[in-house]
Each structure stands twice: as C-alpha cells, then as structure tokens.
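# Close look at the chain arrangement
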Amino acid sequence: MKADIIIDQETQKVKLILDWKAGSIGEKLTDDDAENVFKLIEEASGKASREAFRQWLMQFECREDVIVLDGKTYRFKFFSGQ
C-alpha cells in the first residue's frame, strides 16, 4: 500500500533529521530547535495520515466507466484532487 511507503519515508526523514540535530545541538537545546523538530514531525505525520486516508477512501471507489443511479447516467472522467 502506498500509504505504508509514505509513512516509512516520512519516519526515515524525521529520524535522519533528529540524528543530525542531536549531533549538531550537542548538550544545549534551544526553543527554536525543539519547535523545528516538532514542526517536522507534525508535517511528516500529516502527509502520512492524508495518504493513508486517501488509500482507505479509494478502496470504496467505483471503477466502472458508466454508473446509472436513480435514472441518471454518470461517466468516469478523471480523479479529482491529487
């Protein structure tokens, strides 16, 4: 599932940056460092959550070219969004 790949990529990105920060910070942690790491984690979890939700929704998507619902004909043209 694509969501798993994105979650793994984002997790790796966060770990790499945390490891880099740990090496560059030393023994002193600033408010800015903590805030930047928090923002990074928040962004990474947001991306992974959005992709997981999109994949979950897609399992309910109808794949038919033509759907007749309540006497109206609907045709598949394109996916909206990303």
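In this report, we go over the structure that sits alongside the text.

Cut-offs and rules
- Every chain begins its residue count from 1, and numbering advances along the sequence as written.
- For a predicted model such as this one, the threshold for reporting local features is a pLDDT of at least 70, and the threshold for listing and counting side-chain atom pairs is 80 or more; totals across whole chains, interfaces and linings nevertheless cover every residue.
- By convention in this description, side-chain values take in all heavy atoms of the structure and omit both hydrogens and water.
- Pairing between two strands is assigned when DSSP locates at least 2 bridges connecting them.
- To qualify as a helix, a DSSP run of H or I must reach at least 4 residues; to qualify as a strand, a run of E must reach at least 2; elements of each kind are numbered from the N terminus.
- Within this document, salt bridges are pairs made up of a side-chain nitrogen of Lys or Arg and a carboxyl oxygen of Asp or Glu, the two lying within 4 Å of each other.
- Only protein chains enter the accessibility calculation, which uses a 1.4 Å probe. A residue is then buried if its area is under 20% of the maximum for its type, exposed if over 50%, and partly exposed in between.
- Any Phe, Tyr or Trp ring, taking Trp's six-membered ring, that has another such ring centre within 6.5 Å forms a pair; planes under 30 degrees apart are called stacked, those over 60 apart edge-to-face, and the others tilted.

## Overview of the pairing of strand S1 (residues 66-69)
- Both S1 and strand S2 (residues 72-75) contribute to a ladder of four bridges, which runs antiparallel. Considered in S2, the bridge of Val-66 is made with Arg-75.
- Where S1 hands over to S2, the hairpin turn is made up of two residues, of which Asp-70 adopts a positive phi near 55°.

## Section: the pattern of salt bridges
- This structure, assessed with the given rule, holds three salt bridges.
- For Lys-39, the salt bridge goes to Glu-35, with nearest N and O atoms at 3.2 Å. Here the residue Lys-39 and the residue Glu-35 both occupy positions in helix H2 (residues 31-58), the gap between them amounting to four residues, near one helical turn.
- Judged by its relative accessible area of 45%, Lys-39 is partly exposed.
- Given a relative accessible area of 41%, Glu-35 falls into the partly exposed group.
- Here Lys-47 ties to Glu-43 by a salt bridge, and the two come within 3.5 Å at their closest N and O atoms. In this pair, Lys-47 and Glu-43 are both assigned in helix H2, four residues apart and thus about one turn of the helix distant.
- On the basis of relative accessible area, Glu-43 is assigned to the partly exposed category, the value being 43%.

## Description of the environment of Lys-15
- When you line up the elements, Lys-15 lands in helix H1 (residues 2-25).
- With relative accessibility at 47%, the residue Lys-15 sits in the partly exposed group.

## A look at the packing of aromatic side chains
- Counted by the stated rule, this structure contains two aromatic pairs.
- Aromatic pair Phe-53 and Trp-56: ring centres 5.8 Å apart, planes at 25°, arrangement stacked. Residue Phe-53 and its partner Trp-56 are both found in helix H2; the two are separated by three residues, about one turn of the helix.
- When the centroid spacing of 5.1 Å and the interplanar angle of 75° are considered together, the rings of Trp-56 and Phe-60 count as edge-to-face.
- According to the relative accessible area criterion, Phe-60 is exposed, its value standing at 57%.
- Each member of the aromatic cluster is reached from another via a ring pair, and the members are Phe-53, Trp-56 and Phe-60.

On their own, these measurements won't tell you what the molecule is for.
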